[in-house]
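Letter by letter, the chains look like this.
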Amino acid sequence: MKPVEWLGNKLKIVDQTQLPGKLVFVEFRSYTEVVAAIKVLKVRGAPAVGVAAAYGIALGAGDIQAENKAEFLIQLDKILHAFASARPTAVNIFRAIDRMKKAASAADCATIKQALTDEAKSIHADEEAATERLSHIGARLIKDGFVVLTHCNAGPLATAGYGTALGIIKAAWEQGKKFEVIATETRPLLQGSRLTAWELMQDNIPVTLITDSMAGYFINRGKVNCVLLGADRIAANGDTANKIGSYSLAVLAKENGIPFYVAAPTSTIDLSLKSGAQIPIEERNPEEVTHVAGIRLAPRDVKAANPAFDVTPHKYITAIITEKGIVREPYAKNLKRIIIEK
Ligand code: MRU
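Residues numbered from 1 in each chain as written. Predicted model: local features only at pLDDT ≥ 70, side-chain atom pairs only at ≥ 80, totals over all residues. Heavy atoms only, no water.

1. Describing helix H1 (residues 31-39)
Argument step 1. Taken residue by residue, H1 has Tyr 31, Val 34, Val 35, Ala 37 and Ile 38 as its buried positions. All buried residues of H1 lie within an arc of 160° about the axis, which places them on one face of the element.
Argument step 2. Residue Leu 41 follows H1 closely and has a positive phi angle near 70°. (Buried < 20%, exposed > 50% of the residue type's maximum accessible area, 1.4 Å probe, protein only. Helix = DSSP H or I, 4+ residues; strand = E, 2+ residues; numbered from the N terminus. Arc of directions from axis to C-beta.)

The following block contains the structure:
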């Protein structure tokens, strides 16, 4: 099952909003459809939205009718802008846009179109390779008998590749280690219960689903050996934005003396931001809080807030697992070093 697949002149994705009830594939022929799919989380997860955005840009570029290169680039800019405004927190979309911009330096329009398609495929291949590699690197942190608590969804669906946090879990399982996973349901959109529980069950990895508010109970009773989750953007000092609720888990982990691991490809690291305070946090529709699966559960007109991510200060993070190795404090020095080294 390929969560994101390029079919030459169209993009095919798993519609993640339909899981776990139905495994539905949808195909897009225009970039506007891809932007809309990213906004409503049909495709979601930091690396996966980066890959989908890259293919979306290639689709949009393919449809440009321009007399000359200057006109082509004006129209391309409009497409890039649409993707840049789709979701603000995950840096992977912006990384993809930067790479696609560079690929658009070819001589004529036809060559640019081909270069953009090639670059999108290359971004996808890079994410697949990076997530598989970091998963095998991180697997050594999981020991026999462990209970690993994970939050949100950081599996193949979220990465268009092997997975990050769930990739590590999968790699450790494939190595024959015996352990269990606790997945938080991840309110408000339930990526943990709808996607993580489903992906782990597909691989026959033992998983127990809990509500987000139960995490402290299990951690405090010594029932969890480590917290392991993904990231949407990591600032130069190691501060990490991830799904709302990650920060609370980090504080719980530190208070109870268990490691808190972040798994992410280096494409998620944003050295241009000094600290997490500069990471833009997406505010989503309050209806995602007042409603579940379209059913209102809160009083009509109640005020609701819906920040989709929070930032975990680096002091709570035991290690960041990347395809270039496991990085620990001092993050400011060590993240820079792994980005610079080939
Ligand atoms: O809003 P989402 O579902 O796109 O948020 C996803 C997450 O927060 C994931 O944990 C993160 O992107 C890591 S995915 C490998």
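2. Here's the deal with the pairing of strand S6 (residues 207-210)
Argument step 1. Across four bridges, strand S5 (residues 180-184) lies against S6 in parallel orientation. When the bridges of S6 are listed, Ile 182 appears paired with Thr 208.
Argument step 2. Crossover S5 to S6 through helix H8 (residues 191-202) is right-handed. (Pairing = 2+ DSSP bridges. Right-handed = clockwise from strand over helix to strand, strands pointing away.)

3. Remarks on the packing of aromatic side chains
Argument step 1. Counting across every chain of the model gives five aromatic pairs.
Argument step 2. Their ring planes at 85° and their centres at 5.0 Å tell us that Tyr 217 and Phe 218 sit as a pair that is edge-to-face.
Argument step 3. Ring geometry for Tyr 247 and Tyr 316: centres 6.0 Å apart, planes at 75°, overall edge-to-face. Residue Tyr 247 is found in helix H10 (residues 246-255), and its partner Tyr 316 is found in the loop between strand S14 (309-312) and strand S15 (319-322); the two are separated by 69 residues along the sequence.
Argument step 4. One Lys or Arg, Lys 12, reaches over the ring of Phe 25 and ends 4.9 Å from the middle of that ring.
Argument step 5. Over the ring of Trp 173 we find Lys 178, and its NZ or CZ is 4.6 Å from the ring centre. (Phe/Tyr/Trp six-rings, centres within 6.5 Å; stacked < 30°, edge-to-face > 60°. Lys NZ or Arg CZ within 6 Å of the ring centre and 35° of its normal.)

4. Quick word on the site of the ligand
Argument step 1. Taken together, 18 residues form the shell around the ligand, and within it Arg 44, Arg 87, Asp 232, Asn 242 and Lys 243 come nearest.
Argument step 2. In the model, an oxygen atom of the ligand is placed 2.7 Å from a nitrogen or oxygen of the Asn 242 side chain.
Argument step 3. At the level of elements, helix H2 (46-62), helix H6 (156-159) and strand S9 (240-243) are the ones that each hand at least two residues to the shell around the ligand. (Near = heavy atom within 4 Å. Polar contact = N/O pair within 3.5 Å; in protein donor to acceptor, adjacent residues only side chain to side chain.)

5. A look at the sheet that holds strand S11 (residues 269-270)
Argument step 1. Ordered by their spatial adjacency, four strands build an open sheet running S11-S8-S9-S14, and the pairing between neighbours is mixed. Each edge of the open sheet is held by one strand with a lone partner, namely S11 and S14.
Argument step 2. Note: S9 against S14, four bridges, orientation antiparallel. Bridging from a neighbouring strand, Lys 243 pairs with Phe 309 of S14.

6. Here's the deal with the packing of H2 against helix H3 (residues 69-84)
Pairs of packed helices are described in terms of their axes, by the angle between the two and the distance that separates them.
Argument step 1. At a closest axis distance of 10 Å, the pairing of H2 and H3 adopts a crossing angle of 150°. Here H2 lies roughly antiparallel to H3, going by the angle between them. When the axes of H2 and H3 are compared, the crossing they make is right-handed. Only Phe 72, Leu 76, Ile 79, Leu 80 and Phe 83 of H3 make contact with H2, whose side of the interface consists of Ala 53, Gly 56, Ile 57, Gly 60 and Ala 61.
Argument step 2. Among the residues making up the contact of H2 with H3, the classes are represented as eight nonpolar, two polar and no charged. (Axes fitted to C-alpha atoms, helices over the stretch in contact; angles between N-to-C directions. Parallel < 35°, antiparallel > 145°, perpendicular 65-115°, else oblique. Left-handed = near helix turned anticlockwise from the far one by under 90°. Contact = heavy atoms within 4.5 Å. Nonpolar A, V, L, I, M, F, W, Y, C, P; charged D, E, K, R; others polar.)

7. Digging into the pattern of salt bridges
Argument step 1. By the definition in use, this model includes ten salt bridges.
Argument step 2. Between Arg 99 and Asp 126 there is a salt bridge, with the nearest N and O atoms lying 2.8 Å from each other. Linking Arg 99 in helix H4 (residues 92-103) with Asp 126 in helix H5 (residues 109-138), this pair joins segments that are 27 residues apart in sequence.
Argument step 3. Between Glu 288 and Arg 284 there is a salt bridge; the shortest N-O distance is 3.0 Å.
Argument step 4. We classify Arg 284 as buried; its relative accessible area is 13%. (Salt bridge = Lys/Arg side-chain N within 4 Å of Asp/Glu carboxyl O.)

8. Some thoughts on the side chain of Asn 153
Argument step 1. Within the secondary structure, Asn 153 sits in the loop between strand S4 (147-150) and H6.
Argument step 2. Classification of Asn 153 by relative accessible area gives buried; the value is 4%.
Argument step 3. Among the polar contacts made by the side chain of Asn 153, one reaches the side chain of Glu 199 at a distance of 2.9 Å.
Argument step 4. Aside from chain neighbours lying at most four places away, what touches Asn 153 is Arg 44, Ala 158, Leu 166, Gln 191, Leu 195, Thr 196 and Glu 199.

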